Structures are given as structure tokens and as C-alpha cells.
Amino acid sequence: MIRVNIYEDQSEIRELLIETVRSSSDLLLVNAYPNAKEIIENTRKDKPEVILMDIQMPGISGIEAVQLVKRQYPHIQICMQTVFEDNEKIFAAICSGASGYILKDSTPEKYINAIIDTYQGGSPMTPSIARKVLTMFQNQNTKVTDFVELTTGEKNVLELLVKGLSYKMIAADLGVSFPTVNFHLKNIYKKLHVNSATEAISKALVNNLV
């Protein structure tokens with residue numbers, strides 16, 4: 001049986017996911033958590049083989065949680081779940097080490113299949129996300145050597161962008177205005193020679209900028 005941990009902050013959805021995992025003879029629910037604040041300790045204790053991670057979590061985002069787990073437990077597979085296909089956040093999560101993702105309106109059968117597929121080395125995701133990931137890997141050896149050094153403020157914004165925070169959340173986290181975040185983003189795009197947040201995230205991860 002595949003050992004599974006669930007991270008979902010909404011209690012009703014969490015209970016449904018618990019029932020879904022328990023309904024499969026191939027899966028063993030080890031634990032379900034409302035947040036990822038103690039994910040490293042939880043992972044050490046529970047020894048899950050697959051983690052089903054909500055991309056929007058309080059305290060520590062799902063993307064940041066992926067980075068923490070993959071840094072210490074690279075063998076553990078992670079499948080992200082989200083309400084809708086937010087390309088930038090899903091792409092950032094996959095670049096950080098998640099194996100794939102599933103939409104929350106999926107049927108229990110699709111959830112079970114996604115978890116099993118993730119465990120077996122598959123990468124459940126839509127074609128649009130797959131194309132973005134493929135493009136990133138095709139360009140992963142193209143290092144950035146001709147952009148201007150980012151300022152501290154720009155690096156802070158870029159780091160939070162990679163963690164999956166929205167522009168408004170970045171402004172709140174840094175204690176700056178929304179226009180200030182936009183100003184930094186414009187400069188980041190110019191300096192990294194990109195045209196979108198997704199491209200900025202890819203270039204930041206490929207070049208170890210954050």
C-alpha cells in the first residue's frame with residue numbers, strides 16, 4: 001500500500017480527501033494536516049511515499065512546502081492540488097519538485113489514479129503545464145549572463161513570486177504598496193529579459209537567483 005499524507009486547510013475538503021484515500025485498497029492514509037507549518041517533522045515521523053499538497057496553504061504555501069520537503073526528502077513524491085489551473089503557481093510548484101497536480105473538482109477515482117500515478121513515477125498535469133515544463137528543461141542549460149544585478153527589493157519580490165505568492169500577498173508580506181511590487185516586477189522582467197511571471201520563475205530557478 002502507498003503511504004499518503006494530505007495537506008488541506010479546508011476541513012470539508014480534507015475530510016472528503018481522507019474518505020477518498022481510505023476507499024482505495026492501494027492507498028494507506030498516514031495523516032492529514034490543516035497546514036504545512038511542521039511539514040518536515042511530520043514527514044520524518046509519518047514517512048509518506050506520496051504527499052497530496054494544497055497549493056494554497058496558510059502560513060507556509062504549498063510551493064514553499066514542496067521546496068522544504070524536496071530539500072531533505074528528495075525521494076518523496078508530491079502531487080499538488082488546486083481549485084483552478086493557475087499556470088504560474090502550478091509551474092512554480094513543479095519547478096520546485098512537485099511531480100504533478102490535480103484539480104480539486106476531480107472525481108475520487110481521478111484523485112486515486114493521480115496519487116498512484118505520482119507514486120509510480122508519472123506526472124499528472126494538463127498539456128499546457130507540460131509544455132511549460134518541457135520548455136524550461138529544453139532551456140535549462142541556457143544560463144543568464146547578460147542581465148543587470150537585481151536589487152535587494154527586486155530579489156525579495158522574485159523570491160516570493162517563486163514561492164507562489166500573488167502580487168497582493170507579496171505586497172503585504174514585504175510591507176510595501178501594490179504599485180511598488182509592480183514597479184519591481186517591471187524591473188525584474190527587464191533585467192531577466194522575460195515577459196511574464198512564469199518566465200521569471202523559470203529563469204530564477206534555472207540560474208539559482210533565489
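Structure: above.
Every chain's residues receive numbers from 1 upward, in the order its sequence appears when written. At least 70 in pLDDT is required for a residue's local features to be given in this predicted model, at least 80 for side-chain atom pairs to be given and counted, and no such filter applies to totals for whole chains, interfaces and linings, which use all residues. Where side-chain values are given, they derive from all heavy atoms of the structure, hydrogens and water being excluded.

Draft legend 1. Spatial organisation of the sheet that holds strand 5 (residues 100-103). At least two bridges found by DSSP between two strands is the condition for calling them paired. Starting at the N terminus, helices and strands are each numbered in turn, a helix being any DSSP run of H or I of at least four residues and a strand any DSSP run of E of at least two. Strand order in this open sheet of 5 strands is 2-1-3-4-5, and the pairing throughout is parallel. Two strands in the sheet have a free side with no partner beyond their single neighbour: strand 2 (27-33) and strand 5. Averaged over neighbouring strand pairs, the angle between their axes works out to 25° when direction is ignored. With 4 bridges joining them, strand 1 (residues 2-7) and strand 3 (residues 50-54) adopt parallel strand pairing. By the bridge assignment, Val4 is partnered in strand 3 with Val50. Each of strand 1, strand 2, strand 3 and strand 4 (77-82) is contacted by helix 1 (residues 11-22), which is oriented at about 165° to strand 2, the strand it contacts most. Each axis is a line fitted through C-alpha atoms, and for a helix only the stretch in contact is used; angles between axes span 0 to 180 degrees, taken between their N-to-C directions. In this description, contact between two residues means that some pair of their heavy atoms is separated by no more than 4.5 Å.

Draft legend 2. Just the nonpolar core, in detail. For this analysis, a nonpolar core means a set of buried residues of the types Ala, Val, Leu, Ile, Met, Phe, Trp, Tyr and Cys, connected via side-chain atoms within 4.5 Å. Burial here depends on accessible area, computed with a 1.4 Å probe over protein chains only, as a share of the maximum for the residue type. Under 20% is buried, over 50% is exposed, and the range in between is partly exposed. Grouped together as the largest cluster of nonpolar side chains are 43 residues, with contacts concentrated most on Tyr7, Met53, Met80, Leu158, Leu161 and Ile188. Residues within four places of Ile188 in sequence aside, it is in contact with Leu150, Glu154, Val157 and Leu158. One finds Ile2, Val4, Ile112 and Ile116 within the second-largest nonpolar core, a separate group that totals 17 residues.

Draft legend 3. A look at the environment of Glu38. Its location among the elements puts Glu38 in the loop between strand 2 and helix 2 (39-46). In sequence terms Glu38 and Ile60 are 22 residues apart; their C-alpha atoms lie 9.3 Å from each other.

Draft legend 4. Molecular detail of helix 2. Residues of helix 2 that are buried include every one of Ile39, Asn42, Thr43 and Asp46, and no others. Within helix 2, the buried residues cover an arc of 100° as seen down the axis, which keeps them to one side. Looking at the buried positions of helix 2, the neighbouring elements they touch are strand 1, strand 2, strand 3 and helix 3 (62-72). Immediately beyond the C-terminal end of helix 2, within one or two residues, lies Lys47, with a positive phi of roughly 50°. The arc refers to the directions leading from the helix axis to the C-beta atoms.

Draft legend 5. Representation of the side chain of Thr43 in the model. Here Thr43 shows up in helix 2. The exposure class assigned to Thr43 is buried, which follows from its relative accessible area of 2%.

Draft legend 6. Representation of the packing of helix 7 (residues 152-162) against helix 8 (residues 167-174) within the structure. At their nearest, the axes of helix 7 and helix 8 sit 10 Å apart, and the two run at 130° to each other. When the axes of helix 7 and helix 8 are compared, the pair comes out oblique. The two elements helix 7 and helix 8 cross, and the hand of that crossing is right-handed. Counting all contacts with helix 7, which are made through Asn156, Val157, Leu160 and Leu161, the residues of helix 8 involved are Tyr167, Ile170, Asp173 and Leu174. Gly falls in the polar group here, along with every residue not listed as nonpolar (Ala, Val, Leu, Ile, Met, Phe, Trp, Tyr, Cys, Pro) or charged (Asp, Glu, Lys, Arg). Considering only residue class, the contact of helix 7 with helix 8 consists of 6 nonpolar, 1 polar and 1 charged. Roughly parallel means an angle under 35 degrees; roughly antiparallel means over 145; roughly perpendicular covers 65 to 115; every other angle is labelled oblique. For any helix crossing, the convention is left-handed if the near helix is rotated counterclockwise from the far helix by under a right angle, and right-handed if that rotation is clockwise.

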